[in-house]
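Per-entry structural report
The residues making up each chain are set out below.
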Amino acid sequence: FSNGGSVMRLGEKHLKKLAKYHIELNEQYGAHNYGPYPVVMVKGKGASLWDIKGKRYIDCLGCYSAVNHGHCHPRIVKVARHQAKLLTALPRCLLHDQSGPFYEKLAKLCKKDKVLMASGGAEAVETALKLARKWGEKVKGVPQNRGEIITFERNFHGRTLGIVSFSTESQYRDGFGPFLPGFKTIPYGDVVALMNAITPNTVAVLIEPIQGEGGIVVPPYKYLSAVRELCKQENVLMIADEIQTGLGRTGKMFCCDHESVVPDVYVLAKALGGGYCASAVVANDDIMKVMTPGDHGSTFGGNPFVCAVAYEALSVLIEEHLVEKAAKMGKYFMRKLKAMNSPYIKEIRGKGLLIGAEIKPEFGTAPRFVKQLIDAGVIVKETHETTIRFAPPLVITKKEVDLAMKRIRKVMLKPR
(Lines give C-alpha, C1' and ligand atoms only; values in the text may rest on other atoms or scores of the structure.)
Protein backbone atom coordinates (compact mmCIF):
# COMPACT_ATOMS: atom_id res chain seq x y z
CA PHE A 1 0.00 0.00 0.00
CA SER A 2 2.97 2.37 0.16
CA ASN A 3 2.76 3.34 -3.51
CA GLY A 4 4.17 6.83 -3.25
CA GLY A 5 0.73 8.38 -3.52
CA SER A 6 -1.81 7.18 -0.99
CA VAL A 7 0.78 6.95 1.79
CA MET A 8 1.57 10.65 1.55
CA ARG A 9 -2.03 11.53 2.43
CA LEU A 10 -1.59 10.07 5.90
CA GLY A 11 -0.77 12.28 8.88
CA GLU A 12 2.81 12.78 10.05
CA LYS A 13 2.31 10.63 13.15
CA HIS A 14 1.05 7.69 11.08
CA LEU A 15 3.80 8.13 8.50
CA LYS A 16 6.45 7.84 11.22
CA LYS A 17 4.81 4.66 12.44
CA LEU A 18 4.67 3.30 8.92
CA ALA A 19 8.35 4.07 8.30
CA LYS A 20 9.23 2.37 11.59
CA TYR A 21 7.15 -0.65 10.59
CA HIS A 22 9.07 -1.11 7.32
CA ILE A 23 12.44 -0.60 9.00
CA GLU A 24 11.62 -3.21 11.64
CA LEU A 25 10.37 -5.71 9.05
CA ASN A 26 13.61 -5.40 7.11
CA GLU A 27 15.65 -5.73 10.29
CA GLN A 28 13.76 -8.82 11.45
CA TYR A 29 13.42 -10.79 8.22
CA GLY A 30 16.14 -9.47 5.91
CA ALA A 31 19.68 -10.86 6.01
CA HIS A 32 22.09 -8.30 7.43
CA ASN A 33 24.51 -8.23 4.50
CA TYR A 34 23.67 -4.54 4.06
CA GLY A 35 23.49 -1.79 6.65
CA PRO A 36 20.93 0.54 5.07
CA TYR A 37 20.16 4.02 6.34
CA PRO A 38 16.83 4.21 8.19
CA VAL A 39 15.02 5.89 5.31
CA VAL A 40 12.19 4.17 3.40
CA MET A 41 11.89 5.25 -0.23
CA VAL A 42 8.59 4.92 -2.09
CA LYS A 43 8.94 6.95 -5.29
CA GLY A 44 11.53 8.04 -7.82
CA LYS A 45 11.46 10.30 -10.85
CA GLY A 46 14.45 11.51 -12.81
CA ALA A 47 17.14 12.49 -10.31
CA SER A 48 14.76 12.75 -7.34
CA LEU A 49 13.60 10.29 -4.69
CA TRP A 50 10.82 10.61 -2.10
CA ASP A 51 10.65 8.77 1.19
CA ILE A 52 7.56 7.40 2.85
CA LYS A 53 7.12 10.67 4.78
CA GLY A 54 7.06 12.69 1.56
CA LYS A 55 10.56 14.18 1.88
CA ARG A 56 12.33 14.80 -1.42
CA TYR A 57 15.98 13.85 -1.93
CA ILE A 58 18.33 14.67 -4.79
CA ASP A 59 19.76 11.32 -5.85
CA CYS A 60 23.51 11.75 -6.27
CA LEU A 61 24.20 8.02 -6.21
CA GLY A 62 22.08 6.77 -9.13
CA CYS A 63 21.94 3.24 -7.69
CA TYR A 64 25.69 2.97 -8.35
CA SER A 65 25.10 3.94 -12.03
CA ALA A 66 22.20 1.50 -12.54
CA VAL A 67 19.76 4.35 -13.23
CA ASN A 68 21.77 6.52 -15.62
CA HIS A 69 18.48 7.25 -17.41
CA GLY A 70 16.90 8.51 -14.19
CA HIS A 71 14.29 6.80 -12.06
CA CYS A 72 11.26 5.51 -13.94
CA HIS A 73 12.08 7.05 -17.31
CA PRO A 74 8.69 7.27 -19.09
CA ARG A 75 9.87 5.68 -22.34
CA ILE A 76 11.45 2.74 -20.52
CA VAL A 77 8.43 2.31 -18.24
CA LYS A 78 6.11 2.28 -21.28
CA VAL A 79 8.10 -0.51 -22.96
CA ALA A 80 8.33 -2.47 -19.69
CA ARG A 81 4.55 -2.34 -19.22
CA HIS A 82 3.93 -3.39 -22.80
CA GLN A 83 6.37 -6.31 -22.77
CA ALA A 84 5.20 -7.48 -19.33
CA LYS A 85 1.78 -8.15 -20.87
CA LEU A 86 3.21 -10.16 -23.76
CA LEU A 87 6.11 -12.36 -22.65
CA THR A 88 8.62 -12.02 -19.83
CA ALA A 89 10.62 -15.25 -19.42
CA LEU A 90 11.39 -18.06 -21.82
CA PRO A 91 13.73 -21.09 -21.70
CA ARG A 92 16.89 -20.44 -23.64
CA CYS A 93 16.20 -23.43 -25.87
CA LEU A 94 13.60 -21.19 -27.58
CA LEU A 95 14.10 -17.97 -29.54
CA HIS A 96 12.03 -14.83 -29.09
CA ASP A 97 11.51 -11.64 -31.07
CA GLN A 98 13.28 -9.26 -28.66
CA SER A 99 16.76 -10.75 -28.44
CA GLY A 100 18.06 -10.40 -32.00
CA PRO A 101 17.36 -6.66 -32.39
CA PHE A 102 18.87 -5.95 -28.98
CA TYR A 103 21.98 -8.05 -29.63
CA GLU A 104 22.51 -6.21 -32.92
CA LYS A 105 22.09 -2.79 -31.31
CA LEU A 106 24.48 -3.53 -28.45
CA ALA A 107 27.07 -5.27 -30.64
CA LYS A 108 27.18 -2.34 -33.05
CA LEU A 109 27.41 0.13 -30.18
CA CYS A 110 30.45 -1.76 -28.86
CA LYS A 111 31.85 -2.35 -32.38
CA LYS A 112 31.89 -6.09 -31.66
CA ASP A 113 30.39 -9.24 -33.19
CA LYS A 114 28.70 -11.12 -30.37
CA VAL A 115 26.70 -10.56 -27.18
CA LEU A 116 26.44 -13.03 -24.29
CA MET A 117 23.71 -12.04 -21.82
CA ALA A 118 23.63 -12.59 -18.06
CA SER A 119 21.54 -11.17 -15.22
CA GLY A 120 23.71 -9.11 -12.85
CA GLY A 121 27.13 -7.52 -13.00
CA ALA A 122 29.01 -10.11 -10.97
CA GLU A 123 27.54 -12.87 -13.14
CA ALA A 124 28.77 -11.05 -16.25
CA VAL A 125 32.28 -10.75 -14.78
CA GLU A 126 32.30 -14.48 -13.97
CA THR A 127 31.19 -15.12 -17.55
CA ALA A 128 34.08 -13.04 -18.89
CA LEU A 129 36.55 -14.92 -16.68
CA LYS A 130 35.31 -18.27 -18.00
CA LEU A 131 35.46 -16.95 -21.57
CA ALA A 132 39.05 -15.78 -21.09
CA ARG A 133 40.20 -19.05 -19.56
CA LYS A 134 38.69 -21.18 -22.32
CA TRP A 135 40.03 -18.82 -25.00
CA GLY A 136 43.45 -19.14 -23.40
CA GLU A 137 43.42 -22.91 -23.69
CA LYS A 138 41.60 -23.40 -26.98
CA VAL A 139 42.99 -20.47 -28.98
CA LYS A 140 46.17 -19.18 -27.36
CA GLY A 141 47.33 -22.68 -26.44
CA VAL A 142 48.00 -22.21 -22.73
CA PRO A 143 48.42 -25.60 -21.01
CA GLN A 144 45.27 -26.97 -19.37
CA ASN A 145 44.46 -25.40 -15.97
CA ARG A 146 47.47 -23.05 -16.19
CA GLY A 147 45.82 -19.87 -17.44
CA GLU A 148 46.47 -16.70 -15.42
CA ILE A 149 44.35 -13.57 -15.24
CA ILE A 150 45.88 -10.29 -14.06
CA THR A 151 43.80 -8.06 -11.79
CA PHE A 152 44.53 -4.92 -9.78
CA GLU A 153 44.79 -3.84 -6.17
CA ARG A 154 41.64 -2.15 -4.78
CA ASN A 155 39.60 -3.73 -7.57
CA PHE A 156 35.86 -4.28 -7.30
CA HIS A 157 34.11 -6.61 -9.73
CA GLY A 158 31.48 -8.07 -7.41
CA ARG A 159 31.35 -10.41 -4.42
CA THR A 160 30.94 -13.91 -5.83
CA LEU A 161 33.39 -16.56 -4.67
CA GLY A 162 35.42 -16.43 -7.87
CA ILE A 163 35.68 -12.65 -7.79
CA VAL A 164 36.58 -12.31 -4.11
CA SER A 165 39.39 -14.76 -4.82
CA PHE A 166 41.34 -11.85 -6.31
CA SER A 167 39.93 -9.03 -4.19
CA THR A 168 42.34 -7.08 -1.98
CA GLU A 169 39.52 -5.98 0.36
CA SER A 170 39.89 -8.08 3.53
CA GLN A 171 36.19 -7.98 4.45
CA TYR A 172 35.15 -9.45 1.11
CA ARG A 173 37.42 -12.45 1.75
CA ASP A 174 37.04 -12.99 5.49
CA GLY A 175 35.58 -16.43 6.12
CA PHE A 176 34.98 -17.35 2.47
CA GLY A 177 38.12 -19.37 1.65
CA PRO A 178 39.52 -21.49 0.10
CA PHE A 179 39.82 -19.28 -2.93
CA LEU A 180 40.03 -19.88 -6.65
CA PRO A 181 43.61 -19.98 -8.00
CA GLY A 182 44.87 -18.51 -11.26
CA PHE A 183 44.91 -14.77 -10.50
CA LYS A 184 47.79 -12.35 -10.19
CA THR A 185 47.10 -8.95 -8.57
CA ILE A 186 49.29 -5.92 -9.24
CA PRO A 187 49.24 -2.15 -8.46
CA TYR A 188 46.73 -0.11 -10.47
CA GLY A 189 48.18 2.51 -12.81
CA ASP A 190 51.69 0.98 -12.93
CA VAL A 191 52.69 0.02 -16.49
CA VAL A 192 56.00 -1.54 -15.44
CA ALA A 193 54.22 -3.78 -12.91
CA LEU A 194 51.93 -5.02 -15.69
CA MET A 195 54.87 -5.68 -18.04
CA ASN A 196 56.57 -7.75 -15.34
CA ALA A 197 53.39 -9.66 -14.47
CA ILE A 198 52.63 -10.98 -17.95
CA THR A 199 53.85 -14.52 -18.64
CA PRO A 200 53.23 -17.02 -21.47
CA ASN A 201 50.33 -18.35 -19.38
CA THR A 202 48.59 -14.97 -19.05
CA VAL A 203 45.22 -15.10 -20.80
CA ALA A 204 43.63 -11.81 -19.77
CA VAL A 205 43.90 -8.51 -17.94
CA LEU A 206 40.70 -7.53 -16.13
CA ILE A 207 40.58 -3.78 -15.53
CA GLU A 208 38.22 -1.00 -14.45
CA PRO A 209 38.90 2.14 -16.54
CA ILE A 210 38.24 4.07 -13.31
CA GLN A 211 38.17 2.24 -9.99
CA GLY A 212 34.75 3.14 -8.60
CA GLU A 213 34.54 1.21 -5.33
CA GLY A 214 38.29 1.64 -4.96
CA GLY A 215 37.77 5.34 -4.30
CA ILE A 216 37.06 6.89 -7.72
CA VAL A 217 40.68 6.27 -8.70
CA VAL A 218 41.46 7.75 -12.12
CA PRO A 219 44.54 6.14 -13.72
CA PRO A 220 47.35 8.25 -15.20
CA TYR A 221 46.68 9.63 -18.67
CA LYS A 222 47.44 7.11 -21.43
CA TYR A 223 47.58 4.22 -18.94
CA LEU A 224 44.66 2.45 -20.61
CA SER A 225 46.37 2.91 -23.98
CA ALA A 226 49.50 1.30 -22.58
CA VAL A 227 47.48 -1.63 -21.21
CA ARG A 228 45.80 -2.04 -24.61
CA GLU A 229 49.15 -2.07 -26.43
CA LEU A 230 50.75 -4.53 -24.00
CA CYS A 231 47.83 -6.91 -24.29
CA LYS A 232 48.03 -6.75 -28.08
CA GLN A 233 51.78 -7.40 -28.11
CA GLU A 234 51.55 -10.34 -25.70
CA ASN A 235 48.39 -11.94 -27.17
CA VAL A 236 46.44 -11.30 -23.95
CA LEU A 237 42.77 -10.32 -23.76
CA MET A 238 42.02 -6.86 -22.38
CA ILE A 239 38.72 -7.15 -20.48
CA ALA A 240 37.22 -3.78 -19.57
CA ASP A 241 34.78 -3.87 -16.68
CA GLU A 242 32.60 -0.95 -17.74
CA ILE A 243 29.75 -1.95 -15.43
CA GLN A 244 29.89 1.30 -13.47
CA THR A 245 31.83 3.53 -15.87
CA GLY A 246 30.10 2.59 -19.12
CA LEU A 247 27.03 3.81 -20.99
CA GLY A 248 27.64 7.51 -20.54
CA ARG A 249 28.63 7.74 -16.89
CA THR A 250 32.00 9.46 -17.49
CA GLY A 251 30.90 11.70 -20.36
CA LYS A 252 31.78 9.16 -23.07
CA MET A 253 29.78 6.12 -24.13
CA PHE A 254 32.51 3.98 -22.56
CA CYS A 255 35.20 5.24 -20.22
CA CYS A 256 37.83 3.61 -22.47
CA ASP A 257 36.73 6.06 -25.18
CA HIS A 258 38.56 8.87 -23.37
CA GLU A 259 41.76 7.30 -24.73
CA SER A 260 40.19 5.86 -27.91
CA VAL A 261 40.82 2.38 -26.52
CA VAL A 262 38.69 -0.55 -27.67
CA PRO A 263 39.18 -3.56 -25.37
CA ASP A 264 38.85 -7.15 -26.53
CA VAL A 265 35.94 -7.74 -24.16
CA TYR A 266 33.39 -5.37 -22.62
CA VAL A 267 31.58 -6.30 -19.42
CA LEU A 268 28.37 -4.30 -19.02
CA ALA A 269 25.53 -4.21 -16.49
CA LYS A 270 23.85 -1.61 -14.25
CA ALA A 271 22.64 1.08 -16.71
CA LEU A 272 22.31 -1.52 -19.47
CA GLY A 273 18.85 -2.44 -18.17
CA GLY A 274 17.63 1.12 -17.68
CA GLY A 275 16.72 0.38 -14.07
CA TYR A 276 15.99 -3.30 -14.59
CA CYS A 277 18.39 -6.23 -14.14
CA ALA A 278 20.52 -6.93 -17.21
CA SER A 279 24.16 -7.58 -17.99
CA ALA A 280 26.25 -8.66 -20.94
CA VAL A 281 29.68 -9.70 -22.15
CA VAL A 282 30.47 -8.34 -25.62
CA ALA A 283 33.36 -9.53 -27.80
CA ASN A 284 34.32 -10.48 -31.34
CA ASP A 285 33.55 -13.87 -32.79
CA ASP A 286 37.17 -15.08 -32.68
CA ILE A 287 36.89 -14.93 -28.88
CA MET A 288 33.22 -15.75 -28.34
CA LYS A 289 33.29 -18.82 -30.58
CA VAL A 290 34.94 -20.88 -27.83
CA MET A 291 31.59 -20.89 -26.00
CA THR A 292 29.55 -23.81 -27.33
CA PRO A 293 26.10 -25.14 -26.29
CA GLY A 294 26.25 -26.40 -22.72
CA ASP A 295 29.41 -24.48 -21.76
CA HIS A 296 27.60 -21.67 -20.01
CA GLY A 297 24.10 -20.36 -19.38
CA SER A 298 21.85 -17.99 -17.45
CA THR A 299 18.16 -18.69 -16.87
CA PHE A 300 17.10 -15.05 -16.97
CA GLY A 301 19.93 -13.75 -19.14
CA GLY A 302 18.54 -12.36 -22.39
CA ASN A 303 14.89 -12.91 -21.51
CA PRO A 304 12.23 -11.16 -23.63
CA PHE A 305 11.38 -8.60 -20.98
CA VAL A 306 14.90 -7.38 -20.35
CA CYS A 307 15.88 -7.38 -24.04
CA ALA A 308 12.91 -5.15 -24.87
CA VAL A 309 13.66 -2.81 -21.98
CA ALA A 310 17.42 -2.70 -22.60
CA TYR A 311 16.87 -1.95 -26.29
CA GLU A 312 14.77 1.06 -25.31
CA ALA A 313 17.32 2.07 -22.66
CA LEU A 314 20.07 2.20 -25.30
CA SER A 315 17.78 4.18 -27.59
CA VAL A 316 17.07 6.71 -24.84
CA LEU A 317 20.77 7.01 -24.06
CA ILE A 318 21.55 7.88 -27.67
CA GLU A 319 18.47 9.82 -28.77
CA GLU A 320 18.26 12.00 -25.65
CA HIS A 321 22.01 12.73 -25.74
CA LEU A 322 22.59 11.55 -22.17
CA VAL A 323 26.30 10.98 -22.78
CA GLU A 324 26.78 14.60 -23.79
CA LYS A 325 24.66 15.73 -20.84
CA ALA A 326 26.87 13.73 -18.48
CA ALA A 327 29.97 15.45 -19.84
CA LYS A 328 28.41 18.91 -19.50
CA MET A 329 26.79 18.45 -16.08
CA GLY A 330 29.83 16.57 -14.78
CA LYS A 331 32.06 19.57 -15.47
CA TYR A 332 29.50 21.86 -13.85
CA PHE A 333 29.04 19.69 -10.76
CA MET A 334 32.79 19.19 -10.28
CA ARG A 335 33.44 22.91 -10.68
CA LYS A 336 30.81 23.66 -8.00
CA LEU A 337 32.25 21.07 -5.63
CA LYS A 338 35.78 22.44 -6.01
CA ALA A 339 34.63 26.05 -5.65
CA MET A 340 33.00 25.15 -2.33
CA ASN A 341 36.51 24.95 -0.78
CA SER A 342 35.38 22.68 2.03
CA PRO A 343 38.01 22.50 4.79
CA TYR A 344 37.26 18.76 5.12
CA ILE A 345 37.95 17.75 1.53
CA LYS A 346 41.43 16.76 0.41
CA GLU A 347 40.70 16.28 -3.29
CA ILE A 348 37.88 16.28 -5.86
CA ARG A 349 38.47 13.88 -8.76
CA GLY A 350 36.62 11.94 -11.44
CA LYS A 351 35.26 12.14 -14.96
CA GLY A 352 31.80 13.12 -16.16
CA LEU A 353 29.23 12.34 -13.49
CA LEU A 354 31.46 9.92 -11.58
CA ILE A 355 33.01 12.16 -8.94
CA GLY A 356 34.82 11.43 -5.70
CA ALA A 357 35.44 13.80 -2.79
CA GLU A 358 38.23 12.46 -0.58
CA ILE A 359 38.04 13.43 3.09
CA LYS A 360 41.18 14.66 4.85
CA PRO A 361 42.35 11.97 7.29
CA GLU A 362 42.37 14.34 10.26
CA PHE A 363 38.58 14.67 9.95
CA GLY A 364 37.87 10.95 10.21
CA THR A 365 36.15 8.80 7.62
CA ALA A 366 33.55 9.55 4.96
CA PRO A 367 30.50 7.76 6.49
CA ARG A 368 29.90 10.49 9.07
CA PHE A 369 29.61 13.06 6.27
CA VAL A 370 27.50 10.71 4.16
CA LYS A 371 24.95 10.34 6.95
CA GLN A 372 24.68 14.11 7.34
CA LEU A 373 24.30 14.58 3.58
CA ILE A 374 21.46 12.04 3.44
CA ASP A 375 19.81 13.75 6.40
CA ALA A 376 20.12 17.01 4.44
CA GLY A 377 18.38 15.43 1.44
CA VAL A 378 21.28 14.35 -0.81
CA ILE A 379 21.73 10.63 -1.47
CA VAL A 380 25.42 9.69 -1.63
CA LYS A 381 27.59 6.79 -0.45
CA GLU A 382 31.13 6.47 0.76
CA THR A 383 33.63 4.27 -1.01
CA HIS A 384 36.71 2.83 0.70
CA GLU A 385 35.70 4.72 3.86
CA THR A 386 37.64 7.79 2.75
CA THR A 387 35.78 9.08 -0.30
CA ILE A 388 32.26 10.39 -0.89
CA ARG A 389 30.94 9.27 -4.27
CA PHE A 390 28.72 11.56 -6.36
CA ALA A 391 27.14 9.70 -9.30
CA PRO A 392 23.69 11.12 -10.05
CA PRO A 393 21.50 9.98 -12.94
CA LEU A 394 22.68 11.48 -16.23
CA VAL A 395 19.36 13.32 -16.57
CA ILE A 396 20.12 15.56 -13.57
CA THR A 397 19.49 19.23 -14.39
CA LYS A 398 21.45 22.35 -13.53
CA LYS A 399 18.64 23.35 -11.18
CA GLU A 400 18.89 20.01 -9.37
CA VAL A 401 22.68 20.26 -9.11
CA ASP A 402 22.29 23.73 -7.63
CA LEU A 403 19.74 22.45 -5.11
CA ALA A 404 22.04 19.57 -4.19
CA MET A 405 24.98 21.95 -3.82
CA LYS A 406 22.97 24.19 -1.51
CA ARG A 407 22.42 21.20 0.78
CA ILE A 408 25.99 19.91 0.36
CA ARG A 409 27.46 23.29 1.36
CA LYS A 410 25.44 23.29 4.58
CA VAL A 411 27.09 20.01 5.57
CA MET A 412 30.58 20.40 4.13
CA LEU A 413 31.12 24.00 5.30
CA LYS A 414 29.61 23.52 8.75
CA PRO A 415 32.12 24.26 11.57
CA ARG A 416 33.06 21.16 13.60
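Residues numbered from 1 in each chain as written. Predicted model: local features only at pLDDT ≥ 70, side-chain atom pairs only at ≥ 80, totals over all residues. Heavy atoms only, no water.

Across the sheet, four strands lie side by side as 11-12-15-14; this open sheet has antiparallel pairing. Where the open sheet ends on each side, the last strands, each with one partner, are strand 11 (345-351) and strand 14 (381-383). Going across the sheet, the axis of each strand differs from the next one's by a mean of 30°, ignoring polarity. When strand 12 (residues 354-359) meets strand 15 (residues 387-390), the two strands line up antiparallel, connected through four bridges. Across the sheet, residue Gly 356 finds its bridge partner in strand 15, namely Arg 389. (Pairing = 2+ DSSP bridges. Helix = DSSP H or I, 4+ residues; strand = E, 2+ residues; numbered from the N terminus. Axes fitted to C-alpha atoms, helices over the stretch in contact; angles between N-to-C directions.)

The next thing to look at is the sheet that holds strand 6 (residues 183-186). Taking strand neighbours across the sheet as the criterion, the seven strands line up as 4-10-9-8-7-5-6 in an open arrangement whose pairing is mixed. Both outer strands of the open sheet, strand 4 (114-118) and strand 6, are each paired with one neighbouring strand and no more. Across this sheet, the average inter-strand angle for adjacent strands is 20°, counted without regard to direction. The pairing of strand 5 (residues 148-152) with strand 6 spans four bridges and is classified as parallel. Its bridge partner lying in strand 6, Ile 149 is registered against Phe 183. Helix 5 (residues 121-140) rests against strand 4, strand 5, strand 6, strand 7 (202-207), strand 8 (237-241), strand 9 (265-268) and strand 10 (279-283) of the sheet, and its axis sits at about 155° to strand 7. (Contact = heavy atoms within 4.5 Å.)

In this section: a nonpolar patch on the surface. There is a patch of nonpolar side chains on the surface, built from Tyr 21, Leu 25 and Tyr 29 and spanning about 340 Å² of accessible area. Position of Leu 25 among the secondary structure elements: in helix 1 (residues 12-29). On the basis of relative accessibility, which here comes to 32%, the residue Leu 25 falls in the partly exposed class. (Patch = residues over 30% accessible without salt bridge, like charges linked within 9 Å, V, L, I, M, F, W, Y side chains within 5 Å. Areas by Shrake-Rupley, 256 points an atom, 1.4 Å probe, with all protein chains shown as cover. Salt bridge = Lys/Arg side-chain N within 4 Å of Asp/Glu carboxyl O. Buried < 20%, exposed > 50% of the residue type's maximum accessible area, 1.4 Å probe, protein only.)

With that out of the way, let us pick up the packing of helix 13 (residues 367-375) against helix 14 (residues 398-412). Two elements in contact, helix 13 and helix 14, have axes separated by 9 Å at closest approach and are oriented at 135°. Taken together, the axis directions place helix 13 and helix 14 in an arrangement best described as oblique. For the crossing formed where helix 13 meets helix 14, the hand is right-handed. Residue-level contacts link Phe 369, Gln 372 and Leu 373 of helix 13 to Ile 408, Val 411 and Met 412 of helix 14. Grouping the amino acids of the contact of helix 13 with helix 14 by side-chain chemistry returns five nonpolar, one polar and no charged. (Parallel < 35°, antiparallel > 145°, perpendicular 65-115°, else oblique. Left-handed = near helix turned anticlockwise from the far one by under 90°. Nonpolar A, V, L, I, M, F, W, Y, C, P; charged D, E, K, R; others polar.)

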